[in-house]
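Single-letter residue listing:
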Amino acid sequence: LIGQTAQLKFKQLKPELEWDQSKFQEYYFNPTVWEDTNVTGADLKGVDVVFSQSGTINVGQPQIQLRFSSEGRKKFSELAKQNIDRPIALFLSEDSFPLSMPEVSPDLAQGVIDDPVISGNFDIKTAQALSLQIRAGALPVPVEILEQKMNLNCSFLIVVRKKNATKIVQFFNDLRCLKIQEIKQ
């Protein structure tokens, strides 16, 4: 995250491009194959690491749950319907690689009722890292990460500058608590 301006965007493959798993690497490393959608980090209320429930293929596997606002859920549901069996990529910046490229399942495309999840072969650390990156991109202000430190109380320390205000965003070890504190200058 160091040095990235975090502004999360959900992008879709350009319509003229074919998709199958063999093209994953080609599309992952080529940001020009993606186009913007109307879904952004501003549409998210939160992001959590959850574990798959009974009745799913990999019970107990970490997943990333995206909690959308009401309007965001409508927009994401439309995006999912347009991209059945195709990936939606999550980008933090225009010139980087996607954070994730989950493929839209036919079940999800029938309409987003519950909070959608990104599933994959995540271990808990990988799931927490992806959740943290998505959460940073969902903050209500553009975030430039100037410094990242580790200490006993805080996993990540991110300095946020917007206009003349400086804030510190701390992501605690359990990655569930987000604290924004204004610094008096």
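The rules we used
- Residues numbered from 1 in each chain as written.
- Predicted model: local features only at pLDDT ≥ 70, side-chain atom pairs only at ≥ 80, totals over all residues.
- Heavy atoms only, no water.
- Pairing = 2+ DSSP bridges.
- Helix = DSSP H or I, 4+ residues; strand = E, 2+ residues; numbered from the N terminus.
- Axes fitted to C-alpha atoms, helices over the stretch in contact; angles between N-to-C directions.
- Contact = heavy atoms within 4.5 Å.
- Buried < 20%, exposed > 50% of the residue type's maximum accessible area, 1.4 Å probe, protein only.
- Phe/Tyr/Trp six-rings, centres within 6.5 Å; stacked < 30°, edge-to-face > 60°.
- Lys NZ or Arg CZ within 6 Å of the ring centre and 35° of its normal.

Observations regarding the sheet that holds strand β6 (residues 88-91)
Sheet strands pair by backbone hydrogen bonding; their relative direction is either parallel or antiparallel. Strand order in the open sheet formed by three strands is β3-β2-β6, with antiparallel pairing between adjacent strands. Taken across any chain shown, the strands that pair with only one partner, and hence form the sheet edges, are β3 (34-40) and β6. Across the sheet, the mean angle from the axis of one strand to that of its neighbour is 40°, orientation sign disregarded. Here helix α2 (residues 70-81) sits on the sheet in contact with β2 (9-13), β3 and β6, set at roughly 150° to β3.

Things to note about unusual backbone geometry
Trans peptide bonds make up most of the peptide bonds, and negative phi angles are found at most residues other than glycine. One non-glycine residue with positive phi stands out, namely D85, at about 60°. Here D85 is to be found in the loop between α2 and β6. Relative accessible area serves as the criterion here: at 41%, D85 is assigned to the partly exposed category.

Thoughts on the packing of aromatic side chains
Under the criterion given, the structure shown has nine aromatic pairs. Seen in terms of ring centroids, F10 and F68 are 5.9 Å apart; in terms of plane orientation they differ by 50°. Their pairing is tilted. Linking F10 in strand β2 with F68 in strand β5 (residues 62-68), this pair joins segments that are 58 residues apart in sequence. Per residue, the accessibility class of F10 equals that of F68, and both read buried. Plain terms: the ring middles of F29 and F97 are 5.1 Å apart, the flat faces sit at 80° to each other, and that makes the pair edge-to-face. Of this pair, F29 sits in the loop between α1 (24-28) and β3 while F97 sits in the loop between β6 and α3 (106-109); the two residues are 68 residues apart in sequence, bridging distant segments of the chain. One aromatic cluster in this structure is built from F24, Y28, F29 and F97. Between the NZ or CZ atom of K11 and the centre of the ring of F91, over which it lies, the distance is 5.0 Å.

Observations concerning the side chain of Q63
For Q63, the position within the fold is in strand β5. Its relative accessible area of 13% is what places Q63 among the buried residues.

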